[in-house]
Amino acid sequence: MLDFCDVHKAYPTPQGPLRVLDGLDLRLAPGESLALMGESGSGKSTLLHLAAGLDLADHGEVLLAGESLARLGEPARARLRRESLGLVFQQFHLVPSLTVADNLRLQARLAGREDAEWSAELLARLGLSALARRYPEQLSGGQQQRLAIGRALAPRPALLLADEPTGNLDETTAGEVLELLLDLVRDTGCALLLVTHSAQVAAPLDRCERLSHGRLDHDPRAARP
Ligand SMILES: Nc1ncnc2c1ncn2[C@@H]1O[C@H](COP(=O)(O)OP(=O)(O)OP(=O)(O)O)[C@@H](O)[C@H]1O
């Protein structure tokens, strides 16, 4: 589903190149869930950006759904992103002028995958059916993040990238939102790459890797036995 092969990424700085990813290898199988942990500044967001084709590796190869992101032009990368990827961030990034139902529909429409039955089922599973005509600002933080998750999954992507998806929520709401996210991911067969600072959030996922000095180390402490 997602493969990083000997990936290097550096940022130019006045002091010279800052090497963030340094020969990183990663393989995520279809339907597999992986928690990505690591110190602040270790490169987790950089890795997510490369996985989404929002930025390109300096050396090495990133393959998404078998396609080398660097070899595709930007229009083809954008198409692949729309059709194969769901993105969820700590900030919800909902469209404020669209209702709950239309926020959900928009993403599916952009991917050419409108499916009224699936949208209705998603709204119900998100606990948002009764709120379908509200606007994002009329929702609680937990409801907004549930909608953001539903929107990302509306086109039935093969891979969901989530960057601290429960980082803005209180502990109880965060637990509920994570459970919902994992249930939906499991039921749709979507692979998941989730960045978190929390071992508790990482625990129910299939694997946990720690990013350190530009490479990944398996982290048995946070992974399920
Ligand atoms: N566009 C950029 N130009 C220069 N340096 C950058 C750029 N983007 C990120 N960096 C640096 O690269 C390193 C990795 O950043 P990144 O955001 O990937 O880390 P992170 O692990 O996601 O951090 P956090 O957990 O704090 O979100 C940091 O030292 C950061 O300052």
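What you see is a predicted model, and the numbers here were worked out from it, not measured in a lab.

(A) Region of interest: the site of the ligand. Taken together, Tyr 11, Thr 13, Leu 18, Val 20, Gly 38, Ser 40, Gly 41, Ser 42, Gly 43, Lys 44, Ser 45 and Thr 46 are the residues near the ligand. Looking at the shell around the ligand, the elements that each hand over two or more residues are strand S2 (18–28) and helix H1 (44–51). Of all the elements, H1 adds the most residues to the shell around the ligand, at three residues.

(B) Highlighting the sheet that holds strand S1 (residues 2–11). Strand order in the open sheet formed by four strands is S2-S1-S4-S5, and the pairing between neighbours is antiparallel. Two strands close off the open sheet at either side, each with one partner strand: S2 and strand S5 (67–68). With eight bridges connecting them, S1 and S2 associate as antiparallel partners. In the strand pairing of S2, Lys 9 is matched with Leu 21.

(C) Spatial organisation of the sheet that holds strand S3 (residues 33–37). With mixed pairing, the six strands of this open sheet are ordered in space as S6-S7-S8-S3-S9-S10. Among the strands making up the open sheet, the edge pair consists of strand S6 (85–88) and strand S10 (215–218). Averaged over neighbouring strand pairs, the angle between their axes works out to 20° when direction is ignored. In terms of strand pairing, S6 meets strand S7 (residues 159–163) through four bridges, oriented parallel. Its bridge partner lying in S7, Leu 87 is registered against Leu 161. Set on the sheet, H1 makes contact with S3, S7, strand S8 (191–195) and strand S9 (207–212); between it and S7 the angle comes to about 155°.

Parameters at a glance
Residue positions are counted from 1 within each chain, in the order its sequence is given. Local features in a predicted model are, by the rule used here, given only for residues with pLDDT of at least 70; side-chain atom pairs are given and counted only at 80 or more, and totals for whole chains, interfaces and linings are based on all residues. Using the backbone to place each C-beta atom, any residue with that atom within 6 Å of a molecule or strand is considered near it. By definition, any uninterrupted DSSP run of H or I lasting at least four residues is a helix, any uninterrupted run of E lasting at least two residues is a strand, and each is numbered from the N terminus. Should DSSP find at least two bridges between two strands, the strands are taken to pair. In this analysis an axis means a line fitted to C-alpha atoms, helices contributing only their contacting stretch, and an angle means the value between N-to-C directions, from 0 to 180 degrees. Any pair of residues counts as being in contact when their C-beta atoms, constructed from backbone geometry, are within 7 Å of one another.

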